[in-house]
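A structural walkthrough
Chain residues, written in single-letter form:
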Amino acid sequence: MTLVRFISADGSRIVEVDAKPGERVLEIAQTHDQPLEGVCEGQMACSTCHVIVAERHAALLPRPSVEEEDMLDFAWGASRHSRLACQLYTAADMPELEVRMPGAAVNMQSR
Ligand code: FES
């Protein structure tokens, strides 16, 4: 199991969820009322699933693809540890994953 911790943009709200290996972070977030629209449903075409991964967990994740990095260039408030939740999956060797909401989102599909 992975303990997935969602932190609101201002840090005031924390939601912790146990997830099985192989679960997609976007679906976990949506199931637990996190503000990630995921408009393009994982096609890497919207950036509305942008999250900021805790620094201590960022290096444990597989590197983002070129397509993911390109889409993150358009994400609101993107930082060095930004990822698309539609491209993140829990894993058996990942006991914990902490992500913060960016506070706003840009839907590249509506541009
Ligand atoms: S759901 Fe659109 S980029 Fe992730």
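What counts and what doesn't
- Residues numbered from 1 in each chain as written.
- Predicted model: local features only at pLDDT ≥ 70, side-chain atom pairs only at ≥ 80, totals over all residues.
- Heavy atoms only, no water.
- Helix = DSSP H or I, 4+ residues; strand = E, 2+ residues; numbered from the N terminus.
- Rg over C-alpha atoms; globule rule 2.2 N^0.38 Å.
- Buried < 20%, exposed > 50% of the residue type's maximum accessible area, 1.4 Å probe, protein only.
- Contact = heavy atoms within 4.5 Å.
- Areas by Shrake-Rupley, 256 points an atom, 1.4 Å probe, with all protein chains shown as cover.
- Lys, Arg positive; Asp, Glu negative; His and termini not counted.
- Charge placed at Lys NZ, Arg CZ, Asp CG, Glu CD.
- Polar contact = N/O pair within 3.5 Å; in protein donor to acceptor, adjacent residues only side chain to side chain.
- Salt bridge = Lys/Arg side-chain N within 4 Å of Asp/Glu carboxyl O.
- Pairing = 2+ DSSP bridges.

**Section: the overall build of the protein chain**
Broken down by element type, the protein chain carries three helices and five strands. Moving toward the C terminus, one meets the helices and strands of the protein chain in the order β-β-α-β-α-α-β-β. On C-alpha atoms alone, the protein chain measures out to a radius of gyration of 13 Å, which is about the 13 Å that the 2.2 N^0.38 rule sets for 111 residues. On the principal axes, the C-alpha backbone points of the protein chain span a range of 40 × 30 × 25 Å. For the protein chain, with 111 residues in total, the buried portion stands at 45%. Sequence-distant contacts in the protein chain: of pairs separated by 6 or more residues, those separated by 24 or more amount to 67%. Summed over its atoms, the accessible surface of the protein chain is roughly 6100 Å², and 49% of this surface lies on carbon and sulfur atoms. Charged side chains of the protein chain number 10 positive and 17 negative; the gap between the two group centres comes to 3 Å.

**Observations concerning the side chain of Ser82**
Note that Ser82 resides in strand β4 (residues 82-84). Take Ser82: its relative accessible area is 6%, and that puts it in the buried class. Within polar-contact distance, the side chain of Ser82 engages the side chain of His50 at 2.7 Å. A polar side-chain atom of Ser82 sits 2.7 Å from the main-chain amide nitrogen of Ser79. Apart from the residues within four sequence positions on either side, Ser82 is in contact with His50, Val51, Ile52, Leu72 and Gly77.

**So, the pattern of salt bridges**
Taken as a whole and assessed by the stated rule, the structure comprises nine salt bridges. A salt bridge links Glu16 to Arg5, with the shortest nitrogen-to-oxygen separation between them at 2.6 Å. Highlighted residues: Glu16 in strand β2 (residues 14-19) and Arg5 in strand β1 (residues 2-7), separated in sequence by eleven residues. Judged by relative accessible area, which is 47%, Glu16 ranks as partly exposed. What makes Arg5 buried here is its relative accessible area of 12%. Through salt bridges with shared partners, a single network forms among Arg5, Glu16, Arg56, Glu96 and Glu98.

**Considerations on the pairing of β1**
Burial analysis of β1 places five of its six residues in the buried class, the great majority of the element. The loop that links β1 with its antiparallel partner β2 comprises six residues; one of these, Gly11, has a positive phi angle of about 80 degrees. Strand direction decides the pairing type here: β1 and strand β5 (residues 96-100), joined by five bridges, are parallel. Residue pairing in the sheet places Arg5 in a bridge with Glu98 of β5.

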